[in-house]
Amino acid sequence: MTMYREKRFSEIKRLLAERKELSIEDVMAAVGVSRDTARRDIVALAAAGAGRRTRGGIVSLTFGHTVPSYSERLKLFSEAKTAMANRAADLIKPGGVYFIDDSTTLLKLSQSLDESVTVYTHSLDNAIALSVKSDVTLRILGGKLNHHGRFFFEPRSLDLLSRIAFDAAFIGATAIAQDGVYFPYADDAEVKATLAGAARQVVVVSETQKFQIQAPYRGFPLAAIDTLITDRPLTASERRWFDPHTTLLHA
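Small disclaimer: the values here were computed from a predicted structure and weren't measured.

*Asks:* Tell me about the nonpolar core, and please be specific about residues and values.
*Replies:* Grouped together as the largest cluster of nonpolar side chains are 29 residues, with contacts concentrated most on Phe99, Phe166, Leu195, Phe220, Ile225 and Phe242. Those elements that place two or more of their residues in this core are strand 8 (151-153), helix 8 (156-162), strand 9 (168-172), strand 11 (180-183), helix 9 (186-198) and strand 12 (202-205). The greatest single-element share of this core, amounting to four residues, is contributed by helix 9. Residues within four places of phenylalanine 242 in sequence aside, it is in contact with Ile176, Phe211, Leu222, Ile225, Leu228, Leu234 and Leu248.

Shown next, in the form of structure tokens:
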């Protein structure tokens, strides 16, 4: 049964406060309306200052001003992230040596991995997920734990990473801009820069909402990306950011 307008608005605002971002499809499913009605509701809510309208949805007014913690991002796990992880899994081959980053999407990759491979990671959660995979040779980078990002770091890890020709490094972006891929911590950006220089294939797995987020530390330029996996096809203007040789995949 379709909700009255005021009740719909109340429910949409509640979900927006919880999730920070809603697509038109999210609104349709949440309040039981057609695509046209969902679009009108989004326009009205944005005009009333309840959020900021985006291509295909609405985001909270604070979206993009702060980087949510790993734990907060984990609560927002979506079907799109699972589909992106599945696309990434297609690139893993038996016997390969891989790095898997501390992204929540790549945690799903770690959880689903069933190949006989060697995996390096600095992610606490990836390590836990991979520790029960008897076919996986797990190499955990040590150092101090960043509780917010849930990854380990010590400077000597950079030398180790620079000497490994990974078959692929799977990296999750915090933010993507025209001049590169960005991260919230300087030490983590150093890890990503080292991986971009060492891996045979750099695979960035990122939702397109990361095009709207800002982070302070650049890890590597977009030209270093061999494969980009996103939740939806890129627009024509977004595609122009990337090298023509970059393979663009979407869930």
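Here the narrative resumes.
*Asks:* Before we move on, could you go through the packing of aromatic side chains and cite the residues and values that matter?
*Replies:* A full pass over the atoms with the stated rule returns seven aromatic pairs. Pairing phenylalanine 183 with phenylalanine 220 gives two aromatic rings, centres 6.4 Å apart and planes at 50 degrees, and the pair type is tilted. You can see phenylalanine 183 sitting in strand 11 and its partner phenylalanine 220 sitting in strand 13 (residues 217-220), a full 37 residues away along the chain. Phenylalanine 220 sits in the buried class, given a relative accessible area of 3%. In this structure an aromatic cluster arises from ring pairing among Phe99, Tyr120 and Phe166.

*Asks:* Run through the packing of helix 1 (residues 5-19) against helix 3 (residues 35-47), naming residues and quoting values.
*Replies:* Contact geometry of helix 1 with helix 3 gives a least axis separation of 11 Å together with a crossing angle of 70 degrees. Accordingly, the angle class assigned to the pair helix 1 and helix 3 is roughly perpendicular. Residues Arg5, Arg8, Phe9, Ile12 and Lys13 of helix 1 form the contact with helix 3, whose participating residues are Thr37, Asp41, Ala44 and Leu45. Residues that form the contact of helix 1 with helix 3 fall into these classes: four nonpolar, one polar and four charged.

Criteria and thresholds
- Residues numbered from 1 in each chain as written.
- Predicted model: local features only at pLDDT ≥ 70, side-chain atom pairs only at ≥ 80, totals over all residues.
- Heavy atoms only, no water.
- Core = buried A, V, L, I, M, F, W, Y, C linked by side-chain atoms within 4.5 Å.
- Buried < 20%, exposed > 50% of the residue type's maximum accessible area, 1.4 Å probe, protein only.
- Helix = DSSP H or I, 4+ residues; strand = E, 2+ residues; numbered from the N terminus.
- Contact = heavy atoms within 4.5 Å.
- Phe/Tyr/Trp six-rings, centres within 6.5 Å; stacked < 30°, edge-to-face > 60°.
- Axes fitted to C-alpha atoms, helices over the stretch in contact; angles between N-to-C directions.
- Parallel < 35°, antiparallel > 145°, perpendicular 65-115°, else oblique.
- Nonpolar A, V, L, I, M, F, W, Y, C, P; charged D, E, K, R; others polar.

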